[in-house]
Amino acid sequence: MKVLFMGTPDFAVSTLESIIKAGHEVVGVVTQPDKPKGRGKAVLYTPVKEKALEHDIPVYQPVRVREESVIEELSKLQPDIGVVVAFGQILPQNLLDMPKFGCVNVHGSLLPKYRGAAPIQWAVIDGEAVSGITIMQMDAGLDTGDMISKVEVPLESDETYGSLHDKLAVAGAKLLVETLELFDNGTVTREKQDDSKSNYAIRLTKELGKMDFSKSAVELERLIRGLNPWPSAYTSLNGKTLKVWKADVLEKQFDGELGEIVDVTKDSICVKTADGTLAFKEIQLEGKKRMEVGSFLRGFTVEKGEKLGV
């Protein structure tokens, strides 16, 4: 099939690679414009653009994909289908309708539950036991199109956003190629979403990572995993930002105020929450590198009774 691929970040690269390996013709790649990064403001290609250039695929980087001139240019490629994976722009209806089979989206959750920008992170934060991939026929709504195929991916007890992201990228690539075969042989079927079962997975912000110790230890531990590696859960210690990368929930209960350090062991800093105790295991103090708490305590003194977040 002739595929017009639209995607931008690392999550989309596996799918692009799989389409190429399966023997489909990628007639063009549409990705977000390059952006300057770092102190030197060097222009950084998107991961999808880098992969497309490796395979000599034409790359298009419109600031606004909905411009008529852009759609007219893409229509000259005469694609059979559009494949969209974390592209980063809303597609207009005339672009969705342009390919022979329309456009499909590789969505990082089991629809209809998690629509929106951050379904992978919220599956971890909310404590889901299972996530997955949904291939969806795109329409003008936000992740509201008919579902074509799904695959489930179970979450481990220590699953982070980063680890689930990588699992879903691989699962999505495989499922998309299988779905293209359904279009190719005319056996594709579609199922409408039940809107009453949907939630909106809001985009993450750095502010979301601020730890609120009036929540339970279980909730905070999931937040830590769901925001690892970005934007990270954090609090403050002696006026400095303290990022928390890993923590355990302890059954042992301690007296004390919310956010108070109630115990310090050789490899843990234990903090009182509204329900249970949270044992920090891997942290990063402002101006320092990320490290296990055992290593941190060899260079810094942390006392019981100190209060976090003040």
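Let us look at the structure shown here. (Residues numbered from 1 in each chain as written. Predicted model: local features only at pLDDT ≥ 70, side-chain atom pairs only at ≥ 80, totals over all residues. Heavy atoms only, no water.)

As for the sheet that holds strand β5 (residues 59-60)
Argument step 1. Spatial strand order, β5-β2-β1-β6-β7-β9-β10: seven strands in an open sheet with mixed pairing. Strands with a single pairing partner mark the edges of an open sheet, and in this sheet they are β5 and β10 (147-154).
Argument step 2. Where strand β1 (residues 2-7) lies against strand β6 (residues 81-85), five bridges are found, and the strand directions are parallel. Across the sheet, the residue bridging to G7 is V85, located in β6. (Pairing = 2+ DSSP bridges. Helix = DSSP H or I, 4+ residues; strand = E, 2+ residues; numbered from the N terminus.)

So, unusual backbone geometry
Argument step 1. With omega at 25°, the peptide bond leading from N228 into P229 counts as cis.
Argument step 2. Of note, P229 is situated in the loop between α7 (217-226) and β12 (233-237).
Argument step 3. The omega torsion across W230 and P231 is 0°, close enough to zero to call that bond cis.
Argument step 4. On the secondary structure map, P231 appears in the loop between α7 and β12.
Argument step 5. In the Ramachandran plot, Q78 falls in the positive-phi region, its phi being about 50° despite a non-glycine side chain.

Details of a nonpolar patch on the surface
Argument step 1. On the surface, a cluster of nonpolar side chains totalling about 280 Å² of accessible area is made up of V43, Y45 and L53.
Argument step 2. With a relative accessible area of 39%, Y45 lands in the partly exposed category. (Patch = residues over 30% accessible without salt bridge, like charges linked within 9 Å, V, L, I, M, F, W, Y side chains within 5 Å. Areas by Shrake-Rupley, 256 points an atom, 1.4 Å probe, with all protein chains shown as cover. Salt bridge = Lys/Arg side-chain N within 4 Å of Asp/Glu carboxyl O. Buried < 20%, exposed > 50% of the residue type's maximum accessible area, 1.4 Å probe, protein only.)

Topic: helix α6 (residues 161-185)
Argument step 1. Helix length check: α6 (25 residues) gives 36 Å between terminal C-alpha atoms against 36 Å at 1.5 Å per residue, within 8%.
Argument step 2. Two residues or fewer after α6 comes G186, characterised by a positive phi angle close to 75°. (Expected span 1.5 Å × (residues − 1).)

Topic: the nonpolar core
Argument step 1. In terms of nonpolar packing, the biggest core is built from 36 residues, with F5 and V83 touching the most fellow members.
Argument step 2. For this core, the element with the highest residue contribution is α6, accounting for nine residues.
Argument step 3. Contact partners of V83, with chain neighbours within four places excluded, come to V3, L4, F5, M6, T15, I19, V104, L176 and L180. (Core = buried A, V, L, I, M, F, W, Y, C linked by side-chain atoms within 4.5 Å. Contact = heavy atoms within 4.5 Å.)

Concerning the pattern of salt bridges
Argument step 1. Enumeration according to the criterion identifies 14 salt bridges in this entry.
Argument step 2. The partner of E257 in a salt bridge is K307, with the nearest N and O atoms 3.4 Å apart. Of this pair, E257 sits in the loop between β13 (240-250) and β14 (261-264) while K307 sits in the segment after α8 (293-297), and the two are 50 residues apart along the sequence.
Argument step 3. Among the residues examined, K307 registers a relative accessible area of 31% and is labelled partly exposed.
Argument step 4. With its nearest N and O atoms 3.5 Å apart, the salt bridge here joins D267 to K281. Remark: K281 occurs in strand β16 (residues 277-285) and D267 occurs in the loop between β14 and β15 (269-272); sequence separation between them is 14 residues.
Argument step 5. Each of E17, K51 and E54 takes part in a single network of salt bridges with overlapping partners.

What about helix α2 (residues 47-54)?
Argument step 1. Of all the residues in α2, the buried ones are V48, K49, K51 and A52. End-on view of α2: buried residues confined to an arc of 165°, all on one side of the axis.
Argument step 2. The secondary structure elements touched by the buried residues of α2 are β1, α1 (10-21), β2 (25-30) and β5.
Argument step 3. Downstream of α2 by a residue or two, D56 has a phi angle that is positive, lying close to 55°. (Arc of directions from axis to C-beta.)

Comments concerning the packing of aromatic side chains
Argument step 1. What the rule picks out here adds up to two aromatic pairs.
Argument step 2. Judged by centre distance (5.4 Å) and plane angle (55°), the rings of F101 and F183 are tilted. Of this pair, F101 sits in the loop between α4 (93-96) and β7 (103-107) while F183 sits in helix α6, and the two are 82 residues apart along the sequence.
Argument step 3. Aromatic pair F296 and F300: ring centres 4.6 Å apart, planes at 10°, arrangement stacked.
Argument step 4. The residue whose ring lies beneath R290 is W245, and the NZ or CZ to ring-centre distance is 4.2 Å. (Phe/Tyr/Trp six-rings, centres within 6.5 Å; stacked < 30°, edge-to-face > 60°. Lys NZ or Arg CZ within 6 Å of the ring centre and 35° of its normal.)

With respect to the packing of α1 against α2
Argument step 1. The geometry of α1 relative to α2 is characterised by a closest axis approach of 8 Å and an angle of 25° between their N-to-C directions. It follows that α1 is roughly parallel to α2 by the angle criterion. Along the contact surface, α1 presents D10, A12, V13, L16 and E17, while α2 presents P47, V48, K51 and A52.
Argument step 2. The residue inventory of the contact of α1 with α2, partitioned by class, reads six nonpolar, no polar and three charged. (Axes fitted to C-alpha atoms, helices over the stretch in contact; angles between N-to-C directions. Parallel < 35°, antiparallel > 145°, perpendicular 65-115°, else oblique. Nonpolar A, V, L, I, M, F, W, Y, C, P; charged D, E, K, R; others polar.)

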